[in-house]
Amino acid sequence: MHPETRIAIIGGGIGGLVLAGLLRRQGFRATVYEQAAQLVRIGAGIVLSANAVKVLRRLGVEPALLATGIRPAAFTSRDWMTGERSYECRMDAAAEARFGAAFLNIHRADLLDVLLGALEPGVLQLGHRLEALEPRGDAARVVFSHGASVAAEIVVGADGIHSRLRQILLGAEAPRFTGRLATRAIFPTERLGGAAMEDCTKWWGPDRHALSYFMTARRDEVYVMASVPGSWRGDDLSRPLPRDAFLADFDQAAPALRHIAAGATNCAVWPICDRPRNDLWHGGHAVLLGDACHPVPPYMAAGGASAIEDAAVLARCIAEHDDRAAAFASYAATRIPRVAEVQRISVANTWMRGPTEALDWFFGYDACLAPLAPATTGAAA
Ligand SMILES: Cc1cc2nc3c(=O)[nH]c(=O)nc-3n(C[C@H](O)[C@H](O)[C@H](O)COP(=O)(O)OP(=O)(O)OC[C@H]3O[C@@H](n4cnc5c(N)ncnc54)[C@H](O)[C@@H]3O)c2cc1C
């Protein structure tokens, strides 16, 4: 596409900021429109696997990420009740050489901060909530809820699981509640009272699991997230959770896990949702990426990494094709088979419980170099 192509990216989350950075490095006029009026350090931890870090490297942010987040010594799987180890994947220099980059655990807000640092001032426009999209010949008019509008030839929906652009493109369909809740706590490491904690452990229970890891290079901040059965009523996306309610889910846990959970402060709960697979990712001026088109339960820790891979492939397709429809079709055809497999593995929730064959397939992938598929898939009507 011509570098003067106006590209409006809806959503300043993980995928949107990465896409903006990659496009602007290639000389495109990409602007990110984010509904939030200001950026605050809320949220959760995120695992950035080597396949994600390889893309972020192209933005020049790898040193900042390594200085902020932690390179865990290993990913360890343990039994929820006995604490017995079922698997350990060392994240050492040999693993980094094998997969092509480091693994990182980081606070989501710190990640967004680093990504934002790679963009020139003004690229991120806060306080812009997408309301409508009006096709107008060669461009579309992007209308925001406060009444302002902009024209763009390409409009990217990087607006997350409740995507408004997806709704405009495919019709209203609420995300599917999976019958499980995510609970989480974030607290200073000193609350562990000097007890040792592994860098990154997944605890596997009969009807639940938890992930505990440090989020900072200094190992001074702990993140614990559990997935437990539960119900959810109401439209709110998350709620504060009383500490006692958070701890109650760990009643039957191994002593080491109970001790980590006992450090909890700052607890929250939200419903775990996904969507059935849908291969219509684009139509007219609009194209979707990340959770807007393929949200998964967070059991493979791959949703953010998939959004980052999407961004890398979409940026390449926009640069390589003269025609918008061809760019979108090549992007979708390249991404759909891989994302479908991530979706399948995430739902199965067995990833790295024991020796896992597909590690090279997932971690070794480089979305900036992988072959692009020909432009063949259909678009939304
Ligand atoms: C508990 C939990 C743990 C997870 N752990 C991991 C992990 O360890 N590793 C991993 O890779 N992934 C993980 N994920 C998944 C990951 O967080 C998501 O897949 C990822 O954030 C998706 O990125 P995105 O850019 O598509 O959307 P988001 O990061 O959700 O960003 C969407 C953005 O769009 C904005 N927005 C929404 N609507 C509008 C609108 N109408 N107009 C303008 N802006 C709008 C939002 O405010 C937001 O900033 C986890 C998810 C959960 C729930």
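Just so we're clear, the structure is a prediction, and the values are computed from it rather than from any experiment. (Residues numbered from 1 in each chain as written. Predicted model: local features only at pLDDT ≥ 70, side-chain atom pairs only at ≥ 80, totals over all residues. Heavy atoms only, no water.)

1. Points about the pairing of strand β17 (residues 268-274)
Then, number 1: By the criterion of burial, β17 is predominantly enclosed, with six of the seven residues buried.
Then, number 2: Of the strand pairs in this sheet, strand β12 (residues 176-188) and β17 are connected by seven bridges, and their pairing is antiparallel. Looking at β17, one finds that F177 is bridged to C273.
Then, number 3: Sheet topology places strand β16 (residues 239-240) next to β17; two bridges connect them, and they run antiparallel. By the bridge assignment, P240 is partnered in β17 with A268. (Buried < 20%, exposed > 50% of the residue type's maximum accessible area, 1.4 Å probe, protein only. Helix = DSSP H or I, 4+ residues; strand = E, 2+ residues; numbered from the N terminus. Pairing = 2+ DSSP bridges.)

2. Brief notes about the site of the ligand
Then, number 1: Taken together, 30 residues surround the ligand, and among them G15, E34, V47, R108 and G304 come closest.
Then, number 2: Contact distances for the ligand include 3.0 Å between an oxygen atom and a backbone N or O atom of A305.
Then, number 3: Surface burial for the ligand is 85%, taken as the share of its 1000 Å² of free accessible area covered by protein chains.
Then, number 4: Of all the elements in the fold, those that place two or more residues in the shell around the ligand are α1 (14-25), β3 (45-48) and α9 (303-320). (Near = heavy atom within 4 Å. Polar contact = N/O pair within 3.5 Å; in protein donor to acceptor, adjacent residues only side chain to side chain. Areas by Shrake-Rupley, 256 points an atom, 1.4 Å probe, with all protein chains shown as cover.)

3. So, the pattern of salt bridges
Then, number 1: With the rule as written, the count across this model stands at 23 salt bridges.
Then, number 2: Across the salt bridge formed by E88 and R90, the nearest N and O atoms sit 3.6 Å from each other.
Then, number 3: For E88, a relative accessible area of 30% translates into the label partly exposed.
Then, number 4: Owing to a relative accessible area of 42%, R90 belongs among the partly exposed residues under this scheme.
Then, number 5: With its nearest N and O atoms 2.6 Å apart, the salt bridge here joins D310 to R335. Of this pair, D310 sits in helix α9 while R335 is found in helix α10 (residues 324-348), placing the two residues 25 residues apart along the sequence. No difference in accessibility class separates D310 from R335, as the two residues are buried.
Then, number 6: Members of the salt-bridge network, linked through shared partners, are E309, D310, R335 and R338. (Salt bridge = Lys/Arg side-chain N within 4 Å of Asp/Glu carboxyl O.)

4. Structural notes on the environment of G27
Then, number 1: Relative to the helices and strands, G27 resides in the loop between α1 and β2 (29-33).
Then, number 2: By relative accessible area, G27 is classed as partly exposed at 42%.
Then, number 3: In sequence terms G27 and R136 are 109 residues apart; their C-alpha atoms lie 25 Å from each other.

5. Topic: the environment of R98
Then, number 1: Within the secondary structure layout, R98 lies in helix α4 (residues 93-99).
Then, number 2: The exposure class of R98 is partly exposed, given its relative accessible area of 47%.
Then, number 3: Ignoring any residue separated from it by four or fewer positions in sequence, one finds R98 in contact with L359 and D360.
Then, number 4: A polar contact of 2.8 Å, which involves the side chain of R98, links it to the side chain of D360. (Contact = heavy atoms within 4.5 Å.)

6. Thoughts on α10
Then, number 1: Helix length check: α10 (25 residues) gives 36 Å between terminal C-alpha atoms against 36 Å at 1.5 Å per residue, within 8%.
Then, number 2: Maximum bend of α10: about 35°, positioned at I336, with proline P337 one to four residues after it.
Then, number 3: Burial analysis of α10 places 18 of its 25 residues in the buried class, the great majority of the element. (Expected span 1.5 Å × (residues − 1). Bend = angle between axes of the 7 residues up to and from the residue.)

7. Re the sheet that holds strand β8 (residues 130-136)
Then, number 1: As summarised here, the arrangement of the three strands in space is β8-β9-β10, forming an open sheet in which the pairing is antiparallel. Every other strand in the sheet has two partners, leaving β8 and β10 (149-152) as the edge strands with one partner each. If you compare each strand with its neighbour and ignore which way they point, the axes differ by 25° on average. (Axes fitted to C-alpha atoms, helices over the stretch in contact; angles between N-to-C directions.)

8. Let's talk about the packing of aromatic side chains
Then, number 1: Tallied over the full model, the rule gives twelve aromatic pairs.
Then, number 2: By the ring-pair criterion, three or more aromatic residues cluster together here, those being F99, F103, W351, W361, F362 and F363.
Then, number 3: Positioned over the ring face of W361 is R338, at 4.7 Å from the centre of the ring.
Then, number 4: Here the basic side chain of R338 rests over the ring of Y365, its NZ or CZ set 3.7 Å away from the ring centre. (Phe/Tyr/Trp six-rings, centres within 6.5 Å; stacked < 30°, edge-to-face > 60°. Lys NZ or Arg CZ within 6 Å of the ring centre and 35° of its normal.)

9. Some details on the packing of α1 against α9
Pairs of packed helices are described in terms of their axes, by the angle between the two and the distance that separates them.
Then, number 1: Where α1 meets α9, the closest approach of the two axes is 8 Å, and the angle between their N-to-C directions is 30°. In terms of their interaxial angle, α1 and α9 are classed as roughly parallel. Considering how the two elements wind past one another, α1 and α9 form a crossing that is right-handed. From α1, I14, G15, V18, L19, L22 and L23 reach across to α9, where they touch G304, A307, I308, A311, A312, L314, A315 and I318.
Then, number 2: Class assignment of the residues belonging to the contact of α1 with α9 gives a composition of twelve nonpolar, two polar and no charged. (Parallel < 35°, antiparallel > 145°, perpendicular 65-115°, else oblique. Left-handed = near helix turned anticlockwise from the far one by under 90°. Nonpolar A, V, L, I, M, F, W, Y, C, P; charged D, E, K, R; others polar.)

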